[in-house]
Each structure stands twice: as structure tokens, then as C-alpha cells.
Amino acid sequence: MKRAFVVVILAYGLALAAAWAILWLLQVQGWPSLAALAVADGLATIVVFVFSVLTNNSSLYDPYWSVAPVPLALFWLFQPSSDGLANARHVLIFGLLCLWALRLTWNWARRWRGLEHEDWRYVDIRKSTGRWYWPVSLLGIHLMPTVLVFLGCLSLWPNLSDRGASLMPADGLAALVTLAAIAIEALADQQMESFRARPAAERTALPPGLWSWSRHPNYFGEVLFWWGLYLFVLVAHPAFWWTLIGPLAILILFLGVSIPLMEGHLSAKYPALYREYQRRVSPFLPWPPRSLPPQ
């Protein structure tokens, strides 16, 4: 595992260096900051993809989702137009982002089983695409999530690159939603870890806690986090309402891709048990479980 983590750290360190270099070069040439940042984000993804190919494992990309937003936020914080971390509103938003990133990255690290293990979804894609796996991996597993996260991070752009914006009462609501999303994800992950640790004979069709109210509370928390960041935009920069594209795209990803894939996987693995779970528990939004009539 030490070797595996060294490879990951090397890959992401080189990705960051490449992104910084191209960003500096493009800005010197007069590119708009947002366009230059998008190219740098894409180049960093390509570097990680090269390591995925070299290790023959697309799961090397998995932490990118939670790692990339932090340098993107730092870029906006230290723009000439921003008063950076001297602004209390910036500190609040950046602090919430870092809390989310640290928790999600730690959750990946403690579950990761090394370079010999690849996410089951990627294994299935590999089987179905054959020799076309790596082009599909580049577009679907690497670049597509990078684009979605970049769109989600557009909410940070007006909120962290401004000057003199003071905290407002409505920021409290945005912070509460964002913090609640992080807490929901953390609690859901911990409850599922405890459930999986039980002997198979003790597992029931209705997992405990949040999982008895939503079949995917971790996904719900993740989507809610990006909507929480967007609420900060509506409070102070309503002219940037169009950054709604970010949380909306992420919502569509989870509802249209992630949840159907997971539902199909679990239905095939636990057909009878999961069928009952589906009948009783909401697919996404938390809701009290249904009581089934006696058989």
C-alpha cells in the first residue's frame, strides 16, 4: 500500500505542476483566467490518466473529484480582484470546501485497496468495451467527471474572487445547507461501514439510520453539497445565477448514471433482499420507510 500511495502522490504532484505551468503560460499570453483554468484542469486530468494507463487502473483517478476543487478555489482566492483570506466570507466558504474535500479524500484513502484493485464499474466497462477501454476511460471516467466538477466549482468563482463582500444573514442558511450535506455524507458512510462489518446472517433488508430513509444518502449528501455552494452565489452575486449549470449537471449525473448503475449492481448481487429494500425505501430523497402489509 505504501508504494501505491507513493504512485498516487507522484501522479497528483506532477498533475498540479503541469496545471500550474500551463496556467502561467496561458495567462502570460493573455488568455481569460477562466479559460486558462479550464485548460489547466484538463491537462492535470490527462497527467492522471497517463498514470492510470501505466498502472492499468482507472481507479487512480477516483480522488480527483475531491482533490481538484481546492486548488481551483485557491486560484480564485489569490486573484488580484480578491481580498483573499482577509475576507470572512471567503474563509467560511473555503473552510467548508476544505472540510468536504478532506473528509471525502480520507474516505477514499481508507477504503482504497491499492493498485491491484479497480472499481467494479470500471471493470464492467473494461469487459464491455474491450480494446476501446482506454479511449472510453479517458472520456467517460476521467474527463467527464473533471468537467462536471469544474462546472460545480463555478459557484466558487464569484464568491472567492471578489473584494469587500461581507457576511450576510442569508449566508448562514447557505452554510447550514453545505455543512448539513457534509454531515449527511459522513454519517451515511460510517453507518454503511458498520452495517458491512456485521456478519452476513445479521444483515437485514433495511440498513440502519439514513439508509432506511434513502437508498443512496451518500449521493444525496454529495448533490446537496454542490447546491449549498450555489446558494452562496444567490446571496451575494445573483447576476451569476447561471452557475446553476454546475449543481444541476451533478444532480443529473447521480440521478441518471450513478444511481442506476449502483441499483443494477446491487439488484444482481442481492436480488430478493434488494427488491424488498427498493419497495420500502426512497431511491434518493430521504423519506420515512414504508411499512409493508403482512404476508
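Preceding this paragraph is the structure being described.
Nothing here was measured: the structure is a model prediction, and the numbers come from that model. (Residues numbered from 1 in each chain as written. Predicted model: local features only at pLDDT ≥ 70, side-chain atom pairs only at ≥ 80, totals over all residues. Heavy atoms only, no water.)

S.K.: When you look at the state of the cysteines in this model, what are you seeing that I'm missing?
M.R.: Any covalent bond linking the sulfur atoms of two cysteines counts as a disulfide. In total, this model carries 0 disulfides according to the counting rule given. Here Cys 98 is not cross-linked by a disulfide; its sulfur's nearest cysteine counterpart is in Cys 153, at 11 Å. Cys 153 gets classed as buried once you look at its relative accessible area, which sits at 0%. (Disulfide = S-S within 2.5 Å. Buried < 20%, exposed > 50% of the residue type's maximum accessible area, 1.4 Å probe, protein only.)

S.K.: Help me understand the side chain of Ser 258 in this model?
M.R.: Turning to its location among the elements, Ser 258 is positioned in helix H11 (residues 245–269). For Ser 258, a relative accessible area of 13% puts it in the buried group. (Helix = DSSP H or I, 4+ residues; strand = E, 2+ residues; numbered from the N terminus.)

S.K.: Can you help me understand the pattern of salt bridges in this one?
M.R.: Side-chain pairs of opposite charge can arise where the charged atoms are in close proximity. Scanning all chains against the criterion turns up 8 salt bridges. Its salt-bridge partner being Glu 263, residue Arg 215 comes within 2.9 Å of it at the nearest N-O pair. Separated by 48 residues along the polypeptide, Arg 215 in the loop between helix H9 (169–197) and helix H10 (217–236) and Glu 263 in helix H11 bring together distant segments of the chain. Across this residue pair, the class does not change: Arg 215 and Glu 263 are buried. Within this structure, Arg 103, Arg 111, Glu 185, Asp 189 and Glu 193 form a network of salt bridges that share partners. (Salt bridge = Lys/Arg side-chain N within 4 Å of Asp/Glu carboxyl O.)

S.K.: I'm lost on the packing of aromatic side chains in this one. Help?
M.R.: Centre-to-centre distance and the angle between the planes together describe a pair of aromatic rings. Counted according to the given criterion, the structure contains 19 aromatic pairs. Measuring from ring centre to ring centre gives 6.1 Å for Trp 227 and Tyr 230, while their planes differ by 90 degrees; the resulting arrangement is edge-to-face. On the criterion of helical spacing, the pair formed by Trp 227 and Tyr 230 is a turn pair, its members being 3 residues apart in helix H10. Judged by relative accessible area, Tyr 230 falls into the buried class, the value being 6%. (Phe/Tyr/Trp six-rings, centres within 6.5 Å; stacked < 30°, edge-to-face > 60°.)

S.K.: Teacher, can you tell me more about the nonpolar core here?
M.R.: The nonpolar side chains of a soluble globular protein tend to be buried with one another. Trp 65, Trp 76, Leu 97, Trp 100, Leu 156, Phe 225 and Trp 226 are the most contacted members of the largest nonpolar core, which has 72 residues in total. Top contributing element to this core by residue count: helix H1 (residues 2–28), with 10 residues. When neighbours within four sequence positions are excluded, Leu 156 is seen to be in contact with Pro 69, Ala 73, Trp 76, Ile 93, Leu 97, Ser 161 and Leu 229. Judged by nonpolar contacts, the second largest core, of 5 residues, contains Phe 49, Tyr 122, Trp 134 and Ile 141. (Core = buried A, V, L, I, M, F, W, Y, C linked by side-chain atoms within 4.5 Å. Contact = heavy atoms within 4.5 Å.)

S.K.: Quick question: what am I supposed to make of a nonpolar patch on the surface here?
M.R.: There is a patch of nonpolar side chains on the surface, built from Trp 20, Trp 24, Leu 25 and Val 28 and spanning about 490 Å² of accessible area. Mapping Trp 24 onto the fold places it in helix H1. (Patch = residues over 30% accessible without salt bridge, like charges linked within 9 Å, V, L, I, M, F, W, Y side chains within 5 Å. Areas by Shrake-Rupley, 256 points an atom, 1.4 Å probe, with all protein chains shown as cover.)

S.K.: Can you help me understand unusual backbone geometry in this one?
M.R.: Only a minority of non-glycine residues have a phi that is not negative, and only a minority of peptide bonds are not trans. At Asn 56, a position not held by glycine, the phi torsion is positive, near 55 degrees. Among the secondary structure elements, Asn 56 is positioned in the loop between helix H2 (33–55) and helix H3 (64–67).

S.K.: Even after reading the chapter, I still don't get helix H7 (residues 133–153), so can you show me in this structure?
M.R.: Note that an α-helix has 3.6 residues per turn; residues three or four places apart therefore point the same way. Given a rise of 1.5 Å per residue, 21 residues ought to cover 30 Å, and the 29 Å separating the end C-alpha atoms of H7 matches this to within 8%. Within H7, the axis deviates most sharply at Leu 143, by approximately 35 degrees, and proline Pro 145 lies no more than four positions further along. Within H7, the full set of buried residues consists of Tyr 133, Trp 134, Ser 137, Ile 141, His 142, Pro 145, Thr 146, Leu 148, Val 149, Phe 150, Gly 152 and Cys 153. (Expected span 1.5 Å × (residues − 1). Bend = angle between axes of the 7 residues up to and from the residue.)

S.K.: Please explain the layout of surface pockets as it appears in this structure.
M.R.: Where empty space is left can be seen by rolling a probe of water-molecule size over the atoms. Estimates place the volume of the second largest pocket at around 580 Å³. Among the elements of the structure, H1, H2, H3, helix H4 (69–77) and helix H5 (88–111) are those that each provide at least two residues to the lining of the second largest pocket. Of all the elements, H1 adds the most residues to the lining of the second largest pocket, at 11 residues. By residue class, the composition of the lining of the second largest pocket is 21 nonpolar, 3 polar and 1 charged. (1 Å grid on protein atoms, 1.4 Å probe; cavity = no way out; pocket = protein on both sides within 12 Å on 5 of 7 lines; lining within 4 Å. Points joined across faces, edges and corners; volume = space filled by probe spheres on them. Nonpolar A, V, L, I, M, F, W, Y, C, P; charged D, E, K, R; others polar.)

It is worth stressing that arrangement in space is one thing and function is another; only the former is reported here.
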